[in-house]
Amino acid sequence: METKKKDIRALTKEQLRNFFVECGDKAFRGNQVYEWLWQKSAHTFDAMTNVSKETRQMLEEHFVINHIRVDQMQRSSDGTIKNAVRLHDGLVVESVLIPTETRTTACVSSQVGCSLDCRFCATARMKRMRNLNPDEIYDQVVAIDNESRLYFDRPLSNIVFMGMGEPLMNYNNVLKAIDMITSPEGLGMSPKRITVSTSGVPKMIKKMADEEVKFGLAVSLHSAIDEVRTSIMPFNATFSLADLREALEYWYGKTKSRITYEYVVWEGINDTQEAVDALVKFCRFAPSKVNLIEYNPIDDGEFQQASSAAVDMYQRTLEKNGITVTVRRSRGKDIDAACGQLANKA
Ligand code: SAH
C-alpha cells in the first residue's frame, strides 16, 4: 500500500539532527541514524541496533525507508549481471554489473524510462515515467558492490551512468547520489571512477562545469553532422551541435577533464568518409577521445552495425589525426544487458 510517510533518506544529515533535537533527543542520534541509512544501508529501523527500541518505533511512525529490491538477477555467459530493480512504488529499472579481469563496473539507471527519443535505443521506447531519487541511484550501486564482492571477490571499482534515462534531465538527484557515493559517510568512492554519460544537454553540461565536479563526462555523439544527428537523435534539433560544442569547450576550460565521445557506426547512416571527417573536426574543439561502441540490435533491423571495414576506417582516420580511439565490444548481449537494450523485458 502506498504510504504517506516521508522517505527518511530525503533528509540531509543536518535535517535529521534537527529532527532529533526537536523530539527532545540529542543531535548525535541523527548522526547514528544517518550512518545506518547510508554507510550501513539499513533496510529497516529495527536493524539500527545501537538505537533504542523507543526511538526506532518513533522513527517508524514518522518515516519509511524506501529501499530498492533486486527482483531478478540474470547472469550472462560473459559474467555480466543484470538486475531488475523494483522501486517502492512498483516501477522497475535495470542496472548492470560489468566485470573485466581487473575491474567491476556498475552501469546504473537515473530515470524510469527516458525523456529523450534516440531512435536506436530500447529505453526510449518506454516513456519517461519518473526521475529516480538519490537513494534509488545509491542503492543500485550498493547492490552491485555486494554482487561484486560475492561473485568476484572484490569491491566495485567504477560506475557509469549509462543505464536507463538521461542523467542530466535528473540533474539534482544524480548529483546528490554522486555526493553520497563519493562521501566518506556513504561509499567513499573516488569521483575519478565515475562517468556520467549524456546525450548532450548543453545548459546542464555548463552547470556541471560551474560546480567543478570531479567525475568524468561522456557524450553520446554518434554523429557530428547536424542533419544526421537529428535524424537519429531528434532532440538534436533543439540542442544543436554548435550549442553542444560550446558547452563542451566550456566544460574543458573549467574542469580540464578530457571528454569521451561514444559513437556507434551504422550502415548507411554514418559509415562514410564525410562522417569521419566531421567527427575528427568535432574532436578538435576540446581534448577528447572516442569510444567506438558496437550496435546492439533492439528491433526490426532499421539500424544495422556497419561493416568492420567501416569501423576500421574510423579507427585509422582518428588515429592518423592523433585522436585516441578504442573499439568496444558489447557485454551481456545474451541477457539484453548491453547499451541501449535496457527496457524491462525480462
Ligand atoms: N542517456 C544517456 C545514458 C544512457 S545510454 C546517454 O545518452 O548517454 C548509454 C549509451 O548507450 C549511450 O552512448 C547511447 O547512445 C548508447 N546506446 C543506446 N542504444 C544503443 C544500442 N542499441 N546499441 C549500442 N549503444 C546504444
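Residues numbered from 1 in each chain as written. Predicted model: local features only at pLDDT ≥ 70, side-chain atom pairs only at ≥ 80, totals over all residues. Heavy atoms only, no water.

**Quick notes on the domain arrangement of the chain**
We apply this condition: Boundaries of every domain are those given by an automatic assignment or by a domain database. Any two residues whose heavy atoms approach within 4.5 Å are treated as being in contact. The buried area of a pairing is the accessible area, by a 1.4 Å probe, that goes missing from both parts when the two are put together, added over both. We count a salt bridge whenever a side-chain nitrogen from Lys or Arg sits within 4 Å of a carboxyl oxygen from Asp or Glu.
Entries for the chain in the domain assignment read domain 1 (6-64) and domain 2 (69-335). Relative to domain 2, the C-alpha centre of domain 1 lies at a distance of 35 Å. Counting residues at the interface gives seven residues for domain 1, matched by eight residues for domain 2. Of all residues in domain 1, R9, W38 and Q39 give up the largest surface area on contact with domain 2, accounting jointly for 62% of the area buried on that side. Between domain 1 and domain 2 we count three salt bridges in total. In this structure, the salt-bridge partner of K13 is E185, at a minimum N-O distance of 2.4 Å.

**Focus: the packing of aromatic side chains**
Keep this limit in mind: Between rings of Phe, Tyr and Trp, where Trp is taken as its six-membered ring, a pair exists when centres lie within 6.5 Å; planes separated by under 30 degrees are stacked, by over 60 edge-to-face, and by other angles tilted. Starting at the N terminus, helices and strands are each numbered in turn, a helix being any DSSP run of H or I of at least four residues and a strand any DSSP run of E of at least two. Summary of the burial criterion: residues with accessible area below 20% of their type's maximum are buried, those above 50% are exposed, and those between are partly exposed, where the area comes from a 1.4 Å probe applied to protein chains only. Put simply, a charge is over a ring when the Lys NZ or the Arg CZ is close to the ring centre, within 6 Å, and near the line of the ring normal, within 35 degrees.
Following the criterion strictly, the structure yields 13 aromatic pairs and no others. With a centroid separation of 5.9 Å and an interplanar angle of 70 degrees, the aromatic rings of W266 and Y295 are classed as edge-to-face. Taken together, the positions of W266 in the loop between β12 (259-264) and α9 (273-283) and Y295 in the loop between β13 (288-293) and α10 (308-320) put the pair 29 residues apart, joining distant regions of the chain. For the pair shown, W266 and Y295 are each scored as buried. Taken together through their ring pairs, the aromatic side chains of F120, W266, Y295 and F303 make up a single cluster. For R9, the ring lying beneath its charged end belongs to W38, and the centroid distance is 5.3 Å. A cation over a ring is seen here: R245 above F285, with NZ or CZ 3.6 Å from the ring centre.

**Observations regarding the sheet that holds strand β9 (residues 158-161)**
Sheet strands pair by backbone hydrogen bonding; their relative direction is either parallel or antiparallel. Note the threshold: For two strands to pair, DSSP has to find at least two bridges joining them. Structural elements are reduced to axes, namely lines fitted to C-alpha atoms, with helices fitted over the stretch in contact, and the angle between N-to-C directions of any two is expressed from 0 to 180 degrees.
Strand order in the open sheet made by the ten strands is β3-β4-β5-β6-β9-β10-β11-β12-β13-β14, with mixed pairing throughout. The sheet is open, and its two edges are formed by β3 (69-75) and β14 (324-328), each paired on a single side. Between one strand axis and the next, the sheet turns by 20 degrees as a mean value, whatever way the strands run. Of the pairings in the sheet, the one linking strand β4 (residues 81-86) to strand β5 (residues 92-99) comprises six bridges and is antiparallel in character. Across the sheet, V85 pairs through a bridge with V93, a residue of β5. Most of the contacts of helix α5 (residues 171-182) go to strand β10 (residues 194-198), to which it runs at about 170 degrees, and overall it touches β9 and β10.

**Regarding a nonpolar patch on the surface**
The criterion, for reference: Each patch groups residues whose relative accessible area exceeds 30% and which form no salt bridge, using 9 Å between like charges and 5 Å between nonpolar side chains of Val, Leu, Ile, Met, Phe, Trp and Tyr. To be clear on the numbers: accessible area is Shrake-Rupley with a 1.4 Å probe, and residue cover counts the displayed protein chains and nothing else.
The grouping of V70, M73, L150 and Y151 at the surface amounts to a nonpolar patch, some 350 Å² of accessible area in total. The set of elements that each furnish at least two residues to the nonpolar patch consists of β3 and α4 (134-152). With respect to the helices and strands, the residue L150 is situated in helix α4. Using a relative accessible area of 63% as the deciding quantity, one classes L150 as exposed.

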